[in-house]
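Here's the letter readout for the chains.
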Amino acid sequence: MPTPQPFIPDPWQTEALSAVSETDVVISVPTGSGKTYVAIDAARRAMADNRTVIYTSPLKALSNTKYTEFSRLFGKDTVGILTGDRQENSQAPLLIMTTEILRNLLYDAAGGEIDVRLDTLGLVILDESQYLADPERGVVWEETIIFCPSQARLLLLSASIGNPQDIADWLTSIRPTACRLVRHSKRTVPLRAGYLHPNGKLSPLFRTVEIPYGHPHQIHPEAKRLFVEYEEETLPSGRPRR
């Protein structure tokens, strides 16, 4: 177990937080890199400036999880949730909802039907923004971005968006301020493929150390080289190899 160390933001996290105070931001980094840290700190700064914050996800389950997490961080009176199943504390400064709910609220507000305090909206966080590319649901993200009030900053989070520069360029073309792309490719938390056996034991899916001695003729030399390279980058240093 590593010795606990003081938390120090990565340079890309510092860059993203600095940028979102001035313009829209698209964050494209691997899973586990710390996108939520940026979202939390950006939300905290917006609320300290008496601005409303909306956090959206594509799934009700994820929205519920974020509601629990953010309620613990900011206090239950500070956080509300709006999904198809739950409506709690709808006047809170930090609102969690599915992206479809926000799109519908913006539709209604554009028609003058309801007041979602758009005049105080300072930050809209769109988690899992790779859904922009979804053939059926992507239009929801597009319309949400198009109808989002101009004074609010957009913060798009994704670990798998395929064309982040194109998305940033598109936002720049339709929004009053230029969009900044913050990109980071190094995986902070190594990703290793594993197999969960019915007996409860977790085993690596690939074990390159056994390949040369087991069935060397069954694997392409280039695949073997890639596996070895991958494990050298992800296995703890000093681990003996055969």
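Details of the structure are given in the entry above.
Keep in mind that this is a model prediction, so the values were computed, not measured.

Here is what the cut-offs are and how they apply
- Residues numbered from 1 in each chain as written.
- Predicted model: local features only at pLDDT ≥ 70, side-chain atom pairs only at ≥ 80, totals over all residues.
- Heavy atoms only, no water.
- Salt bridge = Lys/Arg side-chain N within 4 Å of Asp/Glu carboxyl O.
- Helix = DSSP H or I, 4+ residues; strand = E, 2+ residues; numbered from the N terminus.
- Polar contact = N/O pair within 3.5 Å; in protein donor to acceptor, adjacent residues only side chain to side chain.
- Contact = heavy atoms within 4.5 Å.
- Expected span 1.5 Å × (residues − 1).
- Buried < 20%, exposed > 50% of the residue type's maximum accessible area, 1.4 Å probe, protein only.
- Arc of directions from axis to C-beta.
- 1 Å grid on protein atoms, 1.4 Å probe; cavity = no way out; pocket = protein on both sides within 12 Å on 5 of 7 lines; lining within 4 Å.
- Points joined across faces, edges and corners; volume = space filled by probe spheres on them.
- Nonpolar A, V, L, I, M, F, W, Y, C, P; charged D, E, K, R; others polar.

Colleague: Just to check I follow, could you spell out the pattern of salt bridges for this structure?
Modeller: It is possible for side chains bearing opposite charge to pair when their charged atoms get close. Applying the stated criterion to the full structure yields nine salt bridges. Between Asp-41 and Arg-44 there is a salt bridge; the shortest N-O distance is 3.2 Å. Of the two residues, Asp-41 and Arg-44 both sit in helix H2 (residues 35-48), three residues apart, roughly one turn of that helix. One salt bridge connects Asp-85 with Lys-60, and the closest N-O pair in it is separated by 3.1 Å.

Colleague: Whenever I open this one, the side chain of Asp-24 confuses me. Can you help?
Modeller: Note that Asp-24 resides in the loop between helix H1 (11-20) and strand S1 (25-28). One polar contact links Asp-24 to Arg-175, side chain to side chain, over a distance of 2.9 Å. With residues up to four places along the chain from it excluded, the contact list for Asp-24 reads Ala-152, Arg-153, Leu-154, Leu-171, Arg-175, Thr-177, Ala-178, Cys-179 and Arg-180.

Colleague: What is the right way to look at helix H4 (residues 99-110) in this model?
Modeller: One turn of an α-helix holds 3.6 residues; hence residues three or four places apart share an orientation. When the terminal C-alpha atoms of H4 are compared, their 16 Å separation across 12 residues agrees well with the 16 Å that a helix rising 1.5 Å per residue should span. Along H4, the residues that are buried comprise Thr-99, Leu-102, Arg-103, Leu-105, Leu-106 and Ala-109. Taken end-on, H4 shows its buried residues confined to a sector of 160°, consistent with a single buried face. Buried residues belonging to H4 abut strand S2 (52-57), strand S3 (79-82), strand S5 (94-98), strand S6 (121-126) and helix H5 (138-147).

Colleague: Looking at this structure, how should I read unusual backbone geometry?
Modeller: Glycine aside, a negative phi is what most residues show, and trans is what most peptide bonds show. Here Asn-50, not a glycine, exhibits a phi torsion of approximately 60°, which is positive. A positive phi is found at Glu-128, a non-glycine position, where the angle reads about 55°. Examined against the element boundaries, Glu-128 turns out to sit in the loop between S6 and H5.

Colleague: Quick question: what am I supposed to make of the layout of surface pockets here?
Modeller: Over the atoms, a rolling probe the size of a water molecule traces out where space has been left empty. Approximately 230 Å³ is the volume attributed to the largest pocket. Along the walls of the largest pocket sit Leu-17, Val-20, Ser-21, Ala-42, Arg-45, Ala-46, Asp-49, Arg-51, Gly-122, Leu-123, Gln-151 and Arg-153, which together make up its complete lining. Of all the elements in the fold, those that place two or more residues in the lining of the largest pocket are H1, H2 and S6. No other element matches the three residues that H2 contributes to the lining of the largest pocket. Across the lining of the largest pocket, the residue classes tally to five nonpolar, three polar and four charged.

Geometry only, nothing functional implied.
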